[in-house]
Amino acid sequence: MRQAASAMSVSSLLRYTIRLERKHVATHLVQQRALSGAEAVNALRPFYFAVHPDFFGQYPREREVNENSLKRLNGYLDNLQKPGSRSLQPMKFTFYVRDTKDSSDVQPDLLTSGILCINVAHHICEFVFRHLKPPAWFSGFRSVSFTLHTNDVLSTVMNVLKSCSLPMEHMRGLTASTETSKRPPEVGVPFYRPIKWDKSYYSFTGFRDPEQELQQARRVEPTLSLWLRNNDTEATKKHNASLPRREELNRLKKDLCHKFHLADIRWQRSWGVSHRCCQLQSLSRLSQQNPEALVNLQGHTVVFADQSGMNASGHVILGTMDVHHQWTKLFQQLSSYRSLHQQTEWLKERISLLLGGAQVIHVESLGPVQPITEHYSTLSTFHKSLMSRRLHLHPRSLQGLTMLLENDRSTPTLHETGHFIIPTNCDPPKLQVFLQSHATEARQRTQHKNKLHAEEEAVVRQCLQNLSLRSLSKEPSVSSSQMISCCRRLVEQRPPLMQGLHICVSHFYSVMQDGDLCVPWDWKS
């Protein structure tokens, strides 16, 4: 009885300690009105738990939307914390927010610092949604869109939580006046530090050790052959059911491109065949009701995305949530958009002349859709910066090199694929020194990237032919090196039951709604 009482006493003490530390975390946040980066992360934990891409492993489109939106939100928060930062431009965000059952019991175990470190949580979530069915507490998700136009981290955090209808109890007191927030910290409040529990803690309390569970989960990860055998029937059934929709999709795309002389029709997101069919049917109905409206589309590439407009590449973007009236209004404004796109091309030429032949590029696959107006503003700002202090570069010294312009960056960098990433407000003399000192390495990386791309295309063709696949693609997050490794192993080992399948190389296993199969690039033999 004494041992049992002692055990209960220690267990109660541990629970009290955890609650006390959570209270100290909240107290620590209240003491400062201007949140630091680490404090913002702590305050946004309910939000990260609701939108983290690892929880959307079986929903590629929603996962991609959240990945891109999180990158933009992190950039927004970084800009607010820069010294002397000015008011930022309004920025719209879209997130898919998980609806959880009894989330109060789940969140503390996964996200509070006293029980589970973030890295282990990340790996467990990735495994669960990569190999298993969603947990019982995963009951769906909802789309949330909101616009941020804030001047400090605190109000940004509050707006994000409020917009997503997430708990804000831990934020009480953060909106106190500046005078109150500047009082010295209370004596006796310990400095917040995450706890990583000793193995004896789990043995004594009976709680599950997340690191041990992760190791066990990895040991039971299915092989590709086993997973194909278990899911071949379902994939075949879904694929056969999708065949009429696939034929209708191809017919609609061909008819619209031919009738209105479109260069191409594309999709920004990984929507299913049914979703794409609905979008083309909507455009087809508009063409029948108001054929004159689509005349201005001639020669353009049409891309279905989240918002209507024109992107930095000059493609016409049709928002999937917009109605025909909004599309028609966009078509009427295309002449103005084309003029703006022409001005961006002129600015790129002038910038190239000033930078020794280096070209400004914009790659849509590397991030969310950038409107042509935003792209023009970025180019104009950068061009004015260069003109303010002339650079002394040979006209062709940087020929063949490329660069991306980013408003959210403070220092120039060289990407692993060979292109420069340059801040819009970069100091011209410092930029010249950086470009000249990294030009040789940039050329080497670019050559390596081109070599990898050529090798990737060759091994993909070999896979399609040798395995008799209907299609073979990859997610944008899969690198060329990963794709090459995956395809080589497929060719060498020839897993059974792959003939006639649509395969997408990803980071997880999944059977999509149209029978396409997602397989991880590092699949087990």
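From a predicted model like this one, the values you see are computed outputs, not experimental measurements. By convention here, each chain's residues receive numbers from 1 onward along its written sequence. Under the rules for a predicted model, residues below a pLDDT of 70 receive no local features and side-chain atom pairs below 80 are neither given nor counted, while totals for whole chains, interfaces and linings still include all residues. Hydrogens are left out, water is left out, and the side-chain values use all remaining heavy atoms of the structure.

A.B. asks: Teacher, can you tell me more about the sheet that holds strand β5 (residues 309-310) here?
C.D. replies: Strand pairs in the sheet, formed through backbone hydrogen bonds, run parallel or antiparallel to each other. Only strands joined by at least two bridges in the DSSP assignment are considered to pair. Every helix listed is a DSSP run of H or I at least four residues long, and every strand listed is a run of E at least two residues long, numbered separately from the N terminus. Read across the sheet, four strands follow the order β3-β4-β6-β5 without closing on themselves; strand pairing throughout is mixed. What marks the edges here is a single partner per strand, and that holds for β3 (264-267) and β5. Here β5 runs beside strand β6 (residues 316-319); their pairing, made up of two bridges, is antiparallel. Bridging across to β6, G309 finds its partner in I317.

A.B. asks: Looking at this structure, how should I read the environment of M171?
C.D. replies: Tracing the backbone through its elements, the reader meets M171 in the loop between α7 (153-163) and α8 (178-181). Categorising residues by exposure relies on relative accessible area from a 1.4 Å probe, with only protein chains included: less than 20% of the type maximum marks a residue as buried, more than 50% marks it as exposed, and the intermediate range marks it as partly exposed. The exposure class of M171 is buried, given its relative accessible area of 2%. The contact partners of M171, leaving out residues within four places of it in the chain, are A43, L154, V157, M158 and L161. Every residue pair with non-hydrogen atoms within 4.5 Å of one another is taken to be in contact.

A.B. asks: Before we go on, may I ask you to explain unusual backbone geometry in this structure?
C.D. replies: Residues other than glycine predominantly adopt negative phi, and peptide bonds predominantly adopt the trans conformation. The phi dihedral of S165 falls on the positive side, at around 55°, and the residue is not glycine. Locating S165 in the fold gives a position in the loop between α7 and α8. The exposed category is assigned to S165, whose relative accessible area is 59%. One non-glycine residue, S468, lies in positive phi territory at about 55°. Turning to its location among the elements, S468 is positioned in the loop between α16 (428-467) and β11 (471-474). The partly exposed category is assigned to S468, whose relative accessible area is 41%.

A.B. asks: Honestly, helix α4 (residues 60-81) in this entry has me stumped. Any pointers?
C.D. replies: Note: α-helices contain 3.6 residues per turn, so residues at a spacing of three or four share the same orientation. Helix span is expected to be 1.5 Å times the residue number reduced by one. Given a rise of 1.5 Å per residue, 22 residues ought to cover 32 Å, and the 32 Å separating the end C-alpha atoms of α4 matches this to within 8%. For α4, a buried count of 16 out of 22 residues is recorded, marking the element as mostly surrounded by other parts of the structure.

A.B. asks: Help me understand the confidence of the model for the protein in this model?
C.D. replies: Regions with low pLDDT should not have their predicted coordinates read in detail. Confidence scores here are pLDDT values: one per residue, from the predictor, ranging 0 to 100. Looking at the protein, pLDDT values average 78 and 73% of them are 70 or higher. Per-residue pLDDT stays below 50 along residues 20-33; that stretch engages in 29 contacts with residues further than four places along the chain or on separate chains. Low pLDDT, under 50, characterises residues 176-194; the stretch is placed with 17 contacts to residues that sit more than four places away or in other chains.

A.B. asks: I would appreciate a short explanation of the pairing of strand β8 (residues 402-406) in the present structure.
C.D. replies: Residues in a regular strand point their side chains to alternate faces of the sheet. The sheet contact formed by strand β7 (residues 359-360) and β8 spans two bridges and is parallel. Across the sheet, the residue bridging to Q359 is T402, located in β8. Across four bridges, β8 lies against strand β10 (residues 420-423) in parallel orientation. Within β10, the residue paired with E406 across the bridge is P423.

A.B. asks: Is there a simple way to explain the side chain of H383 in this structure?
C.D. replies: Tracing the sequence through the fold places H383 in helix α15 (residues 372-388). When residues no more than four places from it in sequence are discounted, the contact partners of H383 are L347, R350, I351 and L354.

A.B. asks: Could you clarify how one ought to interpret the packing of aromatic side chains in this entry?
C.D. replies: Centre-to-centre distance and the angle between the planes together describe a pair of aromatic rings. The aromatic pairing rule takes the rings of Phe, Tyr and Trp, using the six-membered ring of Trp, and pairs them if the centres are within 6.5 Å, calling planes under 30 degrees apart stacked, those over 60 edge-to-face and the rest tilted. Across all of its chains, the model carries ten aromatic pairs by this definition. Ring centres of F93 and F95 lie 6.4 Å apart, and the angle between their planes is 15°; on these two criteria the pair is classed as stacked. According to the relative accessible area criterion, F93 is buried, its value standing at 0%. Three or more aromatic residues joined by ring pairs form one cluster here, namely F47, Y48, Y76, F93, F95 and F146. A cation over a ring is seen here: R72 above F93, with NZ or CZ 5.0 Å from the ring centre. Each ring is checked for a lysine NZ or an arginine CZ that lies within 6 Å of its centre and within 35 degrees of its normal; such an atom marks a charge sitting over the ring. Note that R489 overlies the ring of W523, its terminal NZ or CZ placed 3.9 Å from the centroid.

A.B. asks: Quick question: what am I supposed to make of the sheet that holds β7 here?
C.D. replies: If you walk across this open sheet you meet the four strands as β7-β8-β10-β9, and the pairing is mixed. The sheet is open, and its two edges are formed by β7 and β9 (413-414), each paired on a single side. As judged from the two bridges shared by β9 and β10, these two strands associate in the antiparallel manner. Paired with T413 across the two strands is I421, which belongs to β10. Of the strands in this sheet, β8, β9 and β10 are in contact with α16, which crosses β10 at around 160°. Interaxial angles span 0 to 180 degrees and are taken between N-to-C directions of axes, which are lines fitted to C-alpha atoms, for helices over the stretch in contact.

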